[in-house]
Amino acid sequence: MGCLLTVGRIFCVIVNLLFLIIGLILFAVGIIVKFGDSLLKSFYQPIIDSLEQSLNDAGYSNVTLDFSLSDIVGNLALAFILTGLFLLILTIFGLGGACCKVKCMLIIYVVMLSVVLAGQIVFIIIFYAKQELVTDKIKDNLKPAIQTDFQGLNGTNVVSLSWNFVNQQAKCCGVDSYRDFTGASQWVTNYPSHPLVTPLSCCKELPSGVDFSCASAPSDSNNYWETSCFDELWDKVIGNVAITATVLAVGAVIQLILIIDDIDVSTNN
């Protein structure tokens, strides 16, 4: 029995050290994205320079796009910080309970893990069986802002900068397609020679002058008009649904083992 308890404590320590590393990484990434925009600027500045150059060539003189990644993904960065902090707190209780044999810490640790596990099981079921419940909700929240705030390539508000940047960086056009921009109240499309069908930022090559044909007569050869930005980013971040669900399921099994192990340890302390 003593041998099993020792093995259980070692397993608990190893897994919690892994949680500690992941928590530190998430916390650091969140802090950098939220407050260290200058460190990240070198990665996205070429896209901003290209947008500004295209505007200048098109006759929009002295346009400066004041783009800040931290302003765009502030909520995501905050989520990373909070998740990292939660994992660090979880690790403190887990290591404290396993190494120092503090029963109350083990009990709190088991309760926290149980809550996380329950939420994770629900998420896995929804993610694997009804993925559209997640994706459709996100899409529905993104589209209204385009209709009310998107101003086009020369827009300097957050929505305009975000979509111009995403369209170019992810090689796509809108949440689902260029149709998401149709009828946007602040988007100027009625140019005399080239009335726009898609935003200029959806062009595969940004206009180098006043020839806006890539956006007024879009095709698969000159425009990303039918490519969904949501699908592109979802595939890059989430990837294969089966693989992601499997990883989450393995994580859930490990958590279940930890809960059972810690209950056993706490009852034998």
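No experiment lies behind these values; they were computed from the predicted model shown. (Residues numbered from 1 in each chain as written. Predicted model: local features only at pLDDT ≥ 70, side-chain atom pairs only at ≥ 80, totals over all residues. Heavy atoms only, no water.)

Focus on the environment of Val15
Phase 1 of the analysis: Considering the arrangement of structural elements, one finds Val15 in helix H1 (residues 2-35).
Phase 2 of the analysis: According to the relative accessible area criterion, Val15 is buried, its value standing at 8%.
Phase 3 of the analysis: Placed 76 residues apart in sequence, Val15 and Thr91 show a C-alpha to C-alpha distance of 9.0 Å. (Helix = DSSP H or I, 4+ residues; strand = E, 2+ residues; numbered from the N terminus. Buried < 20%, exposed > 50% of the residue type's maximum accessible area, 1.4 Å probe, protein only.)

Description of the side chain of Asn167
Phase 1 of the analysis: Following the sequence through the fold, Asn167 ends up in helix H7 (residues 158-169).
Phase 2 of the analysis: What makes Asn167 buried here is its relative accessible area of 0%.
Phase 3 of the analysis: Other than its neighbours up to four places away in sequence, Asn167 contacts Cys172, Cys173, Gly174, Phe181, Ser201, Cys202, Tyr224 and Cys229. (Contact = heavy atoms within 4.5 Å.)

Focus on the packing of helix H6 (residues 131-149) against H7
Phase 1 of the analysis: Packing of H6 against H7 leaves a shortest axis separation of 9 Å and a crossing angle of 115°. Between H6 and H7, the angle falls in the class roughly perpendicular. Two packed elements cross with a definite hand, and for H6 against H7 that hand is left-handed. Within the contact between the two elements, H6 uses Ala145, Ile146 and Asp149 and H7 uses Val159, Ser160 and Trp163.
Phase 2 of the analysis: Residues of the contact of H6 with H7, tallied by class, amount to four nonpolar, one polar and one charged. (Axes fitted to C-alpha atoms, helices over the stretch in contact; angles between N-to-C directions. Parallel < 35°, antiparallel > 145°, perpendicular 65-115°, else oblique. Left-handed = near helix turned anticlockwise from the far one by under 90°. Nonpolar A, V, L, I, M, F, W, Y, C, P; charged D, E, K, R; others polar.)

Points about the state of the cysteines
Phase 1 of the analysis: Under the counting rule described, the total for this entry stands at three disulfides.
Phase 2 of the analysis: Should the bonded cysteines of the protein chain be numbered as they appear in the sequence, the pairing reads 1-6, 2-3, 4-5. (Disulfide = S-S within 2.5 Å.)

Here's the deal with the pattern of salt bridges
Phase 1 of the analysis: Enumeration according to the criterion identifies four salt bridges in this entry.
Phase 2 of the analysis: Two residues, Asp176 and Lys143, come together in a salt bridge whose shortest N-O distance is 2.6 Å. Here Asp176, found in the loop between H7 and helix H8 (213-216), pairs with Lys143, found in helix H6; they are 33 residues apart in sequence, far enough to count as distant.
Phase 3 of the analysis: Residue Glu226 pairs with Arg179 through a salt bridge whose shortest N-O separation is 3.0 Å. Of this pair, Glu226 sits in the loop between H8 and helix H9 (229-237) while Arg179 sits in the loop between H7 and H8, and the two are 47 residues apart along the sequence.
Phase 4 of the analysis: Judged by relative accessible area, which is 38%, Glu226 ranks as partly exposed.
Phase 5 of the analysis: The exposure class assigned to Arg179 is partly exposed, which follows from its relative accessible area of 46%.
Phase 6 of the analysis: Ionic contacts of the salt-bridge type, sharing partners, join the residues Lys139, Lys143, Asp176 and Asp180 into one network. (Salt bridge = Lys/Arg side-chain N within 4 Å of Asp/Glu carboxyl O.)

Remarks on the packing of aromatic side chains
The description of two aromatic rings rests on the distance between their centres and on the angle between their planes.
Phase 1 of the analysis: For the structure shown, the criterion picks out six aromatic pairs.
Phase 2 of the analysis: Ring geometry for Trp163 against Phe181: centres 6.1 Å apart, planes inclined by 90°, an arrangement best described as edge-to-face. Of this pair, Trp163 sits in helix H7 while Phe181 is found in the loop between H7 and H8, placing the two residues 18 residues apart along the sequence. Phe181 shares its class with Trp163; the two are buried.
Phase 3 of the analysis: Each member of the aromatic cluster is reached from another via a ring pair, and the members are Phe150, Trp163, Phe181 and Trp187. (Phe/Tyr/Trp six-rings, centres within 6.5 Å; stacked < 30°, edge-to-face > 60°.)

Functional significance is not addressed by these values, which are geometric in nature.
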